[in-house]
Amino acid sequence: MSKEFLGNRSLMAQDKKGEFRKKLDSIVARAQFLQVRAVEEDKDFGNAAKGYEKLAAESKDAEVRMKALNNAAVSYEKAGDRANERRIYERILELDPENKQAERNLVGMGSEHFLSGRYEEAAESYEGFYKIYESKLGKVGADSQKMALESLRSAALLRKALNQNEKANENFRKIVE
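Source: prediction; values computed, not measured.

Enquirer: Looking at this structure, I do not really get the overall build of the chain. What am I missing?
Expert: Assigned secondary structure in the chain consists of 10 helices and zero strands. Counting from the amino terminus, the chain carries its helices and strands in the arrangement α-α-α-α-α-α-α-α-α-α. Every one of the 177 residues in the chain was classed for burial, and the buried ones make up 37%. Sequence separation of at least 24 residues holds for 44% of the intrachain contacts in the chain that already meet a minimum separation of 6. Carbon and sulfur atoms make up 50% of the accessible area of the chain, which totals about 10,700 Å².

Structure follows, in structure tokens:
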């Protein structure tokens, strides 16, 4: 019904401040959120992730957008799609550069690779996390900056252990600059 109201031009013309439209948009977004959640509850995580991602792209409500992105990342993880999980967490950090949950989850992905003996992938994950903050160093909070530099240090040490000295040295140079 909210969509019908939004399509009613004469009704919307009376909404001079746009407050009614915002409320209707929010109702529509939340209803769509519940529909996608039902897909997730059916354990169809791949489609749920895509649904959450679509909802985030279409939503004008910032709160719904961030929750949908987070749920998309979690659903991608449950579906075993680590590349899209990482992409969504990176998107969250673009929108909210100091989102602690997204930071922890991205660094955690690198740690999972490390603990599984996939050192090359761990180094790539840590370097990817650093890259998000590379141009923002000095502009983000101390905790985020510290986490980014520690991630790059971990990548450098892993590269050194893997005899990838050129990449290791490049990472060490970035740390001291």
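On we go from here.
Enquirer: Explain the nonpolar core here, please?
Expert: Nonpolar side chains tend toward joint burial in soluble globular proteins. Grouped together as the largest cluster of nonpolar side chains are 34 residues, with contacts concentrated most on Tyr52, Ile88, Leu93, Leu106, Phe129 and Tyr133. Sort the elements by how many residues they give to this core and helix α8 (residues 119-134) lands first, with seven residues. For Ile88, the residues in contact, after removing those within four places along its chain, are Glu53, Leu69, Ala72, Ala73 and Tyr76.

Enquirer: Help me understand the packing of helix α7 (residues 100-115) against helix α9 (residues 142-161), please; the structure alone is not making it clear to me.
Expert: When two helices pack together, you describe them by how their axes are tilted relative to each other and by the distance separating the axes. Contact geometry of α7 with α9 gives a least axis separation of 11 Å together with a crossing angle of 15°. In terms of their interaxial angle, α7 and α9 are classed as roughly parallel. Like other packed secondary-structure pairs, α7 and α9 cross with a definite hand, here left-handed. Contacts from Lys100, Glu103, Val107 and Phe114 in α7 reach Asp143, Ser144, Met147, Ser151 and Leu158 in α9.

Enquirer: What's the story with the packing of α7 against α8 in this structure? I'm lost.
Expert: Direction vectors running N to C along α7 and α8 enclose 160°, while the axes themselves pass 6 Å from each other. Relative to α8, the element α7 is oriented roughly antiparallel. Every pair of crossing elements has a handedness; the one defined by α7 and α8 is left-handed. In this structure, α7 uses Glu103, Leu106, Val107, Met109, Gly110, Ser111, His113 and Phe114 to contact α8, whose residues at the interface are Tyr119, Glu121, Ala122, Ser125, Tyr126, Phe129, Ile132 and Tyr133. Broken down by class, the residue content of the contact of α7 with α8 amounts to 10 nonpolar, four polar and two charged.

Enquirer: Looking at this structure, I do not really get the side chain of Glu40. What am I missing?
Expert: Assignment of secondary structure puts Glu40 in helix α3 (residues 19-41). Of the polar contacts made by the side chain of Glu40, one reaches the side chain of Tyr52; its length is 2.7 Å. For Glu40, the contacting residues outside a window of four places in its chain are Phe45, Ala48, Tyr52, Ser75 and Lys78.

Enquirer: Looking at this model, I keep getting lost on the confidence of the model for the chain. Mind explaining?
Expert: Interpretation of the predicted coordinates at a detailed level should be avoided for regions scoring low in pLDDT. A residue-level look at the chain finds 87% of positions with pLDDT of 70 or above and a mean pLDDT of 87. Ranking the elements of the chain by mean pLDDT puts helix α1 (residues 2-7) last with 50 and helix α10 (residues 165-176) first with 96.

Enquirer: Explain the pattern of salt bridges to me, please; I cannot follow it from the model alone.
Expert: Side chains carrying opposite charge are able to pair once their charged atoms draw close together. Considering all chains together, one arrives at 14 salt bridges under this definition. For Glu121, the salt bridge is made with Arg118, and the minimal N-O distance between the two is 2.8 Å. On the accessibility criterion, Arg118 (35% relative accessible area) is partly exposed. In this structure, Arg159 and Glu120 form a salt bridge, with 3.0 Å as the shortest nitrogen-oxygen distance. Taken together, the residues Arg159 in helix α9 and Glu120 in helix α8 connect sequence positions 39 residues apart. On the basis of relative accessible area, Arg159 is assigned to the buried category, the value being 1%. Look at the salt bridges and you will find they share partners, linking Glu77, Arg82, Glu85 and Glu112 into a network.

Enquirer: Looking at this model, I keep getting lost on the environment of Tyr89. Mind explaining?
Expert: Structurally, Tyr89 is set in helix α6 (residues 82-95). Separated by 20 residues in sequence, Tyr89 and Leu69 place their C-alpha atoms 7.9 Å apart. Apart from the residues within four sequence positions on either side, Tyr89 is in contact with Asn70, Ala73, Val74, Ala102, Asn105 and Leu106. One polar contact links Tyr89 to Asn105, side chain to side chain, over a distance of 2.9 Å.

Criteria and cut-off values
Residues numbered from 1 in each chain as written. Predicted model: local features only at pLDDT ≥ 70, side-chain atom pairs only at ≥ 80, totals over all residues. Heavy atoms only, no water. Helix = DSSP H or I, 4+ residues; strand = E, 2+ residues; numbered from the N terminus. Buried < 20%, exposed > 50% of the residue type's maximum accessible area, 1.4 Å probe, protein only. Contact = heavy atoms within 4.5 Å. Areas by Shrake-Rupley, 256 points an atom, 1.4 Å probe, with all protein chains shown as cover. Core = buried A, V, L, I, M, F, W, Y, C linked by side-chain atoms within 4.5 Å. Axes fitted to C-alpha atoms, helices over the stretch in contact; angles between N-to-C directions. Parallel < 35°, antiparallel > 145°, perpendicular 65-115°, else oblique. Left-handed = near helix turned anticlockwise from the far one by under 90°. Nonpolar A, V, L, I, M, F, W, Y, C, P; charged D, E, K, R; others polar. Polar contact = N/O pair within 3.5 Å; in protein donor to acceptor, adjacent residues only side chain to side chain. pLDDT = per-residue confidence, 0-100. Salt bridge = Lys/Arg side-chain N within 4 Å of Asp/Glu carboxyl O.

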